[in-house]
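Residue-level listing of the chains:
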Amino acid sequence: MRISSVLMSPLYALQLASGAKSFADNPIIGSKRLNRMGLHEKRVSIAMKMADWRRKSLAGSVSADHRRQYEENGFVKIENFLSPEVFAQVQKELDTSDFDRFDMLQGSTVTRRALIDDADLESRPGFKAARNDPRIKNLLRYVSSHAGEPLLVVQVVMALPSAVTHSGVDPQTALHSDTFQPTAKAWLFLKDVGDEDGPFSYVPGSHKVTDQRMAWERRISENSDTIENKYSARGSLRIMPDELGALGYGQPVRMVVKANTLIVADTHGFHARCPSYKTTTRIEIYGSLRRNPFLPFTGMHVASLPAIRTRMNRLIINAMGLRERLGLKGSPWKAAGAGKAEEWSDRLRNL
């Protein structure tokens, strides 16, 4: 064992009680011997039981129909989410406002985050009403099983047809589970999403861990040193569609939706962004919420503090930039300046 690994051993051990998921980066989480003794299986089992327990205390904040949708499918879908007046105002502000923008390039796809912290919304009443709609936050909290403060941004997905570039495959187009614990993401689509527009897809029921799923994950954990896909090695497990049946699941459902449709999904379940075979732009208010899976309580989230909640997006972006400047780890997000959210990204022009 390398000296650095020995020195880091206490930290690696502490990470067992957190959301750390990488087989490749933590030699304890990735230990073949420990996983053959059931380490990964036990972490998954405890995380799922704790989530079920916490979710009971949050049930009163969402409707019975939405609880049923989540239980059956792993996602909740609500059409005509915002009132016509608020949605019209959001679309007007989208077309006329300049946002502070940050782009991430993956393959032939740029994911843009246009920030909507409190300071960005002083002159945007439509976005303010949409971002602060308690139904979005309550659903994210219920699905994730945590009463924390969600991250909410305007997100634009710009994709070139992968066949016409040499920049690699967008990793988000492979069916995958984000992590070993329940975690919530939301998409309030601001434009129609057609079948060829790279729609979100989800495998109904895959938020539940079947016996077959657990056995599949255990086999992977026991042989983590042979995982070729870097995202799977880091704990975001990939799966092929023809493997789903053996795990007790059906095939993914493509979320072809009209504008003003909200989807909140447990991304422990298998999901993907469908490949697009034409140039596409998808735009949404995007939300996410993930916390330590082993917490016995739902509250006490540091991001709920006023000084953090009001400017959370900027704090996250700035922290990743500082980390990169210190030489610790690069930030995937590059500043794109102020401008319209849908303006085509310079990072795609040269592909």
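Scroll up a little and you will see the structure.
My aim in this report is to walk through the structure given alongside it, one point at a time.

About the criteria used
Residues numbered from 1 in each chain as written. Predicted model: local features only at pLDDT ≥ 70, side-chain atom pairs only at ≥ 80, totals over all residues. Heavy atoms only, no water. Helix = DSSP H or I, 4+ residues; strand = E, 2+ residues; numbered from the N terminus. Buried < 20%, exposed > 50% of the residue type's maximum accessible area, 1.4 Å probe, protein only. Contact = heavy atoms within 4.5 Å. Areas by Shrake-Rupley, 256 points an atom, 1.4 Å probe, with all protein chains shown as cover. Lys, Arg positive; Asp, Glu negative; His and termini not counted. Charge placed at Lys NZ, Arg CZ, Asp CG, Glu CD. Pairing = 2+ DSSP bridges. Axes fitted to C-alpha atoms, helices over the stretch in contact; angles between N-to-C directions. Salt bridge = Lys/Arg side-chain N within 4 Å of Asp/Glu carboxyl O. Patch = residues over 30% accessible without salt bridge, like charges linked within 9 Å, V, L, I, M, F, W, Y side chains within 5 Å. Polar contact = N/O pair within 3.5 Å; in protein donor to acceptor, adjacent residues only side chain to side chain. 1 Å grid on protein atoms, 1.4 Å probe; cavity = no way out; pocket = protein on both sides within 12 Å on 5 of 7 lines; lining within 4 Å. Points joined across faces, edges and corners; volume = space filled by probe spheres on them. Nonpolar A, V, L, I, M, F, W, Y, C, P; charged D, E, K, R; others polar.

1. Observations regarding the overall build of the protein
Move 1: From N to C terminus, the protein includes 12 helices and 11 strands.
Move 2: Overall, the C-alpha framework of the protein stretches about 60 × 50 × 45 Å when taken along its three principal axes.
Move 3: Taking all 351 residues of the protein together, the buried fraction comes to 52%.
Move 4: In the protein, of all internal contacts separated by at least 6 residues, the share reaching a separation of at least 24 is 83%.
Move 5: With the model as given, the accessible surface of the protein reaches about 16300 Å², and the carbon-plus-sulfur share is 55%.
Move 6: Between the averaged position of the 50 positive side-chain charges in the protein and that of its 38 negative side-chain charges there is a distance of 6 Å.

2. Things to note about the sheet that holds strand E10 (residues 280-289)
Move 1: Read from one edge to the other, the open sheet built from 8 strands follows the order E1-E8-E5-E10-E4-E3-E2-E11, with strand pairing classed as antiparallel. Of all the strands in the sheet, the pair left with one neighbour each is strand E1 (75-78) and strand E11 (334-339). For this sheet, the mean angle separating the axes of adjacent strands, direction not counted, is 25 degrees.
Move 2: Contacts from helix H4 (residues 64-73) reach E1 and strand E8 (261-266), with the element oriented near 135 degrees to E1.
Move 3: Strands strand E2 (99-106), strand E4 (151-159) and E11 of the sheet are contacted by helix H11 (residues 312-325), whose axis makes an angle of about 65 degrees with E4.

3. Thoughts on the pattern of salt bridges
Move 1: All told, the structure shown has 25 salt bridges when counted by the stated rule.
Move 2: Across the salt bridge formed by Arg-273 and Asp-170, the nearest N and O atoms sit 2.7 Å from each other. Of this pair, Arg-273 sits in strand E9 (residues 271-273) while Asp-170 sits in the loop between E4 and strand E5 (184-189); the two residues are 103 residues apart in sequence, bridging distant segments of the chain.
Move 3: The class for Arg-273 is buried, based on a relative accessible area of 12%.
Move 4: Here Asp-170 falls in the buried class, since its relative accessible area comes to 5%.

4. A short note on the environment of Ile-263
Move 1: With respect to the secondary-structure elements, Ile-263 resides in strand E8.
Move 2: It is 8.4 Å that separates the C-alpha atoms of Ile-263 and Phe-189, two residues lying 74 residues apart in sequence.
Move 3: Excluding residues within four positions of it along the chain, Ile-263 makes contact with Val-76, Lys-77, Lys-185, Ala-186, Trp-187, Phe-189, Phe-200, Met-255 and Val-257.

5. Focus on a nonpolar patch on the surface
Move 1: Where nonpolar side chains cluster on the molecular surface, the patch consists of Leu-322, Leu-326 and Leu-328 and spans about 330 Å² of accessible area.
Move 2: Within the element layout of this structure, Leu-328 appears in the loop between H11 and E11.

6. Observations regarding the side chain of Ser-331
Move 1: Along the chain, Ser-331 falls in the loop between H11 and E11.
Move 2: We classify Ser-331 as buried; its relative accessible area is 6%.
Move 3: Reaching out from Ser-331, the side chain makes a polar contact with the backbone nitrogen of Trp-333 at a distance of 3.3 Å.
Move 4: Setting aside chain neighbours within four positions, we find Ser-331 in contact with Met-320, Gly-321, Arg-323 and Glu-324.

7. A closer look at the sheet that holds E9
Move 1: Strand order in the open sheet made by the 3 strands is E7-E6-E9, with antiparallel pairing throughout. Only two strands of the sheet have a single neighbouring strand rather than two, namely strand E7 (253-254) and E9.
Move 2: Of the pairings in the sheet, the one linking strand E6 (residues 200-202) to E7 comprises 2 bridges and is antiparallel in character. Considered in E7, the bridge of Ser-201 is made with Arg-254.

8. Considerations on the layout of surface pockets
Move 1: For the second largest pocket, the calculated volume is near 240 Å³.
Move 2: If you trace the second largest pocket, you find 14 residues lining it, with Met-48, Asp-52, Arg-55, His-207 and Lys-208 closest to the centre.
Move 3: For the lining of the second largest pocket, the leading source of residues is helix H3 (residues 39-58), giving 4 residues.
Move 4: Of the residues that constitute the lining of the second largest pocket, the class distribution is 7 nonpolar, 1 polar and 6 charged.

9. As for the pairing of E8
Move 1: Most of E8 is tucked away: 6 of the 6 residues are buried.
Move 2: Every second residue of E8 is oriented toward a common face, with Thr-261, Ile-263 and Ala-265 on one face and Leu-262, Val-264 and Asp-266 on the other, all of them buried.
Move 3: Pairing of E1 with E8 involves 4 bridges; the strand directions are antiparallel. Bridge pairing links Val-76 to Val-264 in E8.
Move 4: Across 6 bridges, E5 lies against E8 in antiparallel orientation. Considered in E8, the bridge of Phe-189 is made with Thr-261.

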